[in-house]
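Okay, here's what each chain looks like letter by letter:
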Amino acid sequence: MRDSYTKQTRLQLLKKGGDLHLEGEIVGYQLTPLAISADSYASQTKLTLTIRVRFTNDKNPEEDIDNKTYSAFQTFDSSKLLTSVQDALVKQMISDIVDNIYNDTVARW
């Protein structure tokens with residue numbers, strides 16, 4: 001998230017006193033079976049990541065975002081263990097969520 005803001009804008013990261021404040025937490029991490037095959041087993045599994053975000057803009061309070069959730073998902077073959085695909089899936093989901101948060105907060109400038 002920090003990289004997106006510092007590389008794509010002229011914003012600087014500060015420990016205190018900034019005009020924009022962004023915080024959030026992971027509120028969901030869920031596996032869902034998909035594409036049930038003839039033998040009643042799922043052939044695909046969907047991994048969903050959900051993050052709740054709060055954004056405060058001290059210069060333009062009308063742009064504040066309070067407790068908005070962002071989700072992304074990836075599917076994988078159920079014959080694979082989650083541990084073997086999790087890192088790549090989570091990396092892609094985080095990238096998707098960061099893009100959405102970035103667009104909702106500063107991309108409209």
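Report follows, based on the coordinates. (Residues numbered from 1 in each chain as written. Predicted model: local features only at pLDDT ≥ 70, side-chain atom pairs only at ≥ 80, totals over all residues. Heavy atoms only, no water.)

## Focus on the pattern of salt bridges
Applying the stated criterion across every chain yields a total of 4 salt bridges. For Arg54, the salt bridge goes to Glu25, with nearest N and O atoms at 2.8 Å. Of this pair, Arg54 sits in strand β2 (residues 42-57) while Glu25 is found in strand β1 (residues 20-36), placing the two residues 29 residues apart along the sequence. The partner of Asp104 in a salt bridge is Lys68, with the nearest N and O atoms 2.8 Å apart. With a gap of 36 residues between them, Asp104 in helix α2 (residues 82-105) and Lys68 in strand β3 (residues 65-77) connect regions that are remote in the sequence. Via salt bridges that share partners, Glu23, Glu25, Arg52 and Arg54 belong to a single interconnected network. (Salt bridge = Lys/Arg side-chain N within 4 Å of Asp/Glu carboxyl O. Helix = DSSP H or I, 4+ residues; strand = E, 2+ residues; numbered from the N terminus.)

## Considering the layout of surface pockets
The volume enclosed by the largest pocket comes to roughly 590 Å³. A per-element tally of the lining of the largest pocket places β1 first, with 5 residues. Here the residues of the lining of the largest pocket sort into 11 nonpolar, 6 polar and 5 charged. (1 Å grid on protein atoms, 1.4 Å probe; cavity = no way out; pocket = protein on both sides within 12 Å on 5 of 7 lines; lining within 4 Å. Points joined across faces, edges and corners; volume = space filled by probe spheres on them. Nonpolar A, V, L, I, M, F, W, Y, C, P; charged D, E, K, R; others polar.)

## A word on the nonpolar core
Formed by 18 residues in total, the largest nonpolar core has its most connected members in Leu47, Tyr70, Met93, Ile97 and Ile101. Elements represented by at least two residues in this core include exactly β2, β3 and α2. Here this core takes 7 residues from α2, the largest share from any one element. Among residues more than four places away in sequence, those in contact with Leu47 are Tyr29, Gln30, Leu31, Ala72, Phe73, Gln74, Phe76, Leu82, Leu89, Val90 and Met93. (Core = buried A, V, L, I, M, F, W, Y, C linked by side-chain atoms within 4.5 Å. Buried < 20%, exposed > 50% of the residue type's maximum accessible area, 1.4 Å probe, protein only. Contact = heavy atoms within 4.5 Å.)

## Let's talk about the packing of aromatic side chains
With the rule as written, the count across this model stands at 1 aromatic pair. Summarising the aromatic geometry, the rings of Tyr5 and Tyr102 are spaced 5.3 Å apart at their centres and angled 65° between planes, so their arrangement reads as edge-to-face. Of the two residues, Tyr5 is situated in helix α1 (residues 2-8) and Tyr102 in helix α2; the sequence distance between them amounts to 97 residues. For the pair formed by Tyr5 and Tyr102, the shared burial category is buried. The residue whose ring lies beneath Lys46 is Phe73, and the NZ or CZ to ring-centre distance is 4.9 Å. (Phe/Tyr/Trp six-rings, centres within 6.5 Å; stacked < 30°, edge-to-face > 60°. Lys NZ or Arg CZ within 6 Å of the ring centre and 35° of its normal.)

## Points about the environment of Glu63
The residue Glu63 is located in the loop between β2 and β3 in this model. Note: C-alpha distance between Glu63 and Asp104 (41 residues apart in sequence) is 9.0 Å. Polar side-chain contacts of Glu63 include one of 2.9 Å to the side chain of Asn57. (Polar contact = N/O pair within 3.5 Å; in protein donor to acceptor, adjacent residues only side chain to side chain.)

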